[in-house]
Amino acid sequence: VDSYSSRDLDFDSVVIDNFNGAFSAMAYLIGNNHRRIGLIGSSAESYPSVLERRRGYFSALTQHGLSTDYVEEGELSRASGYESTLKLLRRCPTISAIFACNDETAFGVMSAARQLGYSLPDDLSIVGFDDIDLAQEVMPPLTTVHVDKVLMGTVALRMLRDRAIDPTRSALKTVVPTQLISRGSVRKLEG
């Protein structure tokens, strides 16, 4: 479950549609007239799921002819999100939105933005990924990409049961779709 290997065809797996989740988050920001959108919480050496989120970010920007210069590499953590955001906003203060590769990182983004005097979402919109419970409790509530972990577990158990019944069947890879959850952390800019 949510695991990657160079031997994917050797075993059953259940993974998240990270690329399209990130792409939909970016499409949402672009649809709200954001043109300078930062990326926090990834690097070229990140885990494959995060690399897919990163690829979704770049693909959406490229498809819309927007700059891909607003990236600050870092880890998936609140502390790294905080430090990376300080660097990014000091380097590029005109950014209007940030896509964080997970919600914990987004919380670090929010803290750093506030420390620099940004009002959320008036000065800076933020989108996370995962839809952890705390995402709806922070202020403003975080717009994020929902990952259905219960469905992932259910599908994995079914696959395990099917594998026990027929150990020689071909390996299956199930990709679980995501859903964008719109909350209060994104503001629509004047067109």
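Procedures and definitions
- Residues numbered from 1 in each chain as written.
- Predicted model: local features only at pLDDT ≥ 70, side-chain atom pairs only at ≥ 80, totals over all residues.
- Heavy atoms only, no water.
- Helix = DSSP H or I, 4+ residues; strand = E, 2+ residues; numbered from the N terminus.
- Rg over C-alpha atoms; globule rule 2.2 N^0.38 Å.
- Buried < 20%, exposed > 50% of the residue type's maximum accessible area, 1.4 Å probe, protein only.
- Contact = heavy atoms within 4.5 Å.
- Areas by Shrake-Rupley, 256 points an atom, 1.4 Å probe, with all protein chains shown as cover.
- Lys, Arg positive; Asp, Glu negative; His and termini not counted.
- Charge placed at Lys NZ, Arg CZ, Asp CG, Glu CD.
- Salt bridge = Lys/Arg side-chain N within 4 Å of Asp/Glu carboxyl O.
- Right-handed = clockwise from strand over helix to strand, strands pointing away.
- Pairing = 2+ DSSP bridges.
- Axes fitted to C-alpha atoms, helices over the stretch in contact; angles between N-to-C directions.
- Left-handed = near helix turned anticlockwise from the far one by under 90°.
- Nonpolar A, V, L, I, M, F, W, Y, C, P; charged D, E, K, R; others polar.

J.: Please explain the overall build of the protein as it appears in this structure.
T.: Regarding its fold elements, the protein presents five helices and eight strands. When the helices and strands of the protein are read in sequence order from the N terminus, they spell out β-α-β-α-β-α-β-α-β-β-α-β-β. Against the 2.2 N^0.38 benchmark of 16 Å for 191 residues, the protein shows a C-alpha radius of gyration of 18 Å, consistent with a compact globule. Taken along the three principal axes of its C-alpha coordinates, the protein extends 60 × 30 × 30 Å. Burial status across the protein gives 48% buried among its 191 residues. Taking as baseline every contact in the protein between residues at least 6 positions apart, the subset at least 24 positions apart corresponds to 74%. Carbon and sulfur atoms make up 52% of the accessible area of the protein, which amounts to about 9300 Å² in all. Put simply, the protein has 20 plus and 24 minus side-chain charges, and the middle of one group is 2 Å from the middle of the other.

J.: In this structure, what is going on with the pattern of salt bridges? I would like to understand it.
T.: Side-chain pairing between opposite charges can occur once the charged atoms of the two side chains come close. Counted under the stated rule, the structure contains nine salt bridges. Linking aspartate 131 and arginine 183 is a salt bridge whose minimum nitrogen-to-oxygen distance equals 3.0 Å. Of this pair, aspartate 131 sits in the loop between β5 (125–130) and β6 (143–146) while arginine 183 sits in the segment after β8 (179–181); the two residues are 52 residues apart in sequence, bridging distant segments of the chain. Judged by relative accessible area, aspartate 131 falls into the buried class, the value being 16%.

J.: Even after reading the chapter, I still don't get the environment of valine 127, so can you show me in this structure?
T.: Relative to the helices and strands, valine 127 resides in strand β5. A sequence separation of 102 residues divides valine 127 from alanine 25, and the C-alpha atoms of the two residues are 6.9 Å apart. In contact with valine 127, not counting residues within four places along its chain, are Ala25, Leu29, Ile98, Phe99, Ala100, Leu142, Thr143, Thr144, Leu180 and Val186.

J.: It is not clear to me how the side chain of histidine 34 should be interpreted in this structure. Could you clarify?
T.: Examined against the element boundaries, histidine 34 turns out to sit in the loop between α1 (18–31) and β2 (37–40). If we skip the residues at most four places from it in the chain, histidine 34 touches Leu29, Leu66, Ser96, Ala97, Ser125, Val186, Arg187 and Leu189.

J.: Would you explain the pairing of β5 in this entry?
T.: In summary, the side chains of a regular strand alternate between the two faces of the sheet. Burial analysis of β5 places six of its six residues in the buried class, which makes it a mostly covered element. Traced from strand β4 (residues 97–100) through helix α4 (residues 103–115) to β5, the parallel crossover comes out right-handed. In this structure, β5 lies alongside β6, joined through four bridges in parallel fashion. Among the inter-strand pairings, aspartate 130 is bridged to a residue of β6, identified as histidine 146.

J.: What is the right way to look at the environment of valine 155 in this model?
T.: Its location among the elements puts valine 155 in helix α5 (residues 149–165). Once the C-alpha coordinates of valine 155 and leucine 134 are considered, the two residues, 21 residues apart in sequence, prove to be 25 Å apart.

J.: What should I look at first to understand the packing of α1 against helix α2 (residues 48–63) in this one?
T.: Packed helix pairs are characterised by how far apart their axes lie and by the angle those axes make with each other. It is the contact of α1 with α2, at a shortest axis distance of 7 Å, that shows an interaxial angle of 40 degrees. With respect to the hand of their crossing, α1 and α2 are arranged in right-handed fashion. Counting all contacts with α1, which are made through Asn18, Phe19, Ala22, Phe23, Met26 and Ile30, the residues of α2 involved are Ser49, Glu52, Arg53, Arg55, Gly56, Tyr57, Ser59, Ala60, Leu61 and Gln63. Considering only residue class, the contact of α1 with α2 consists of eight nonpolar, five polar and three charged.

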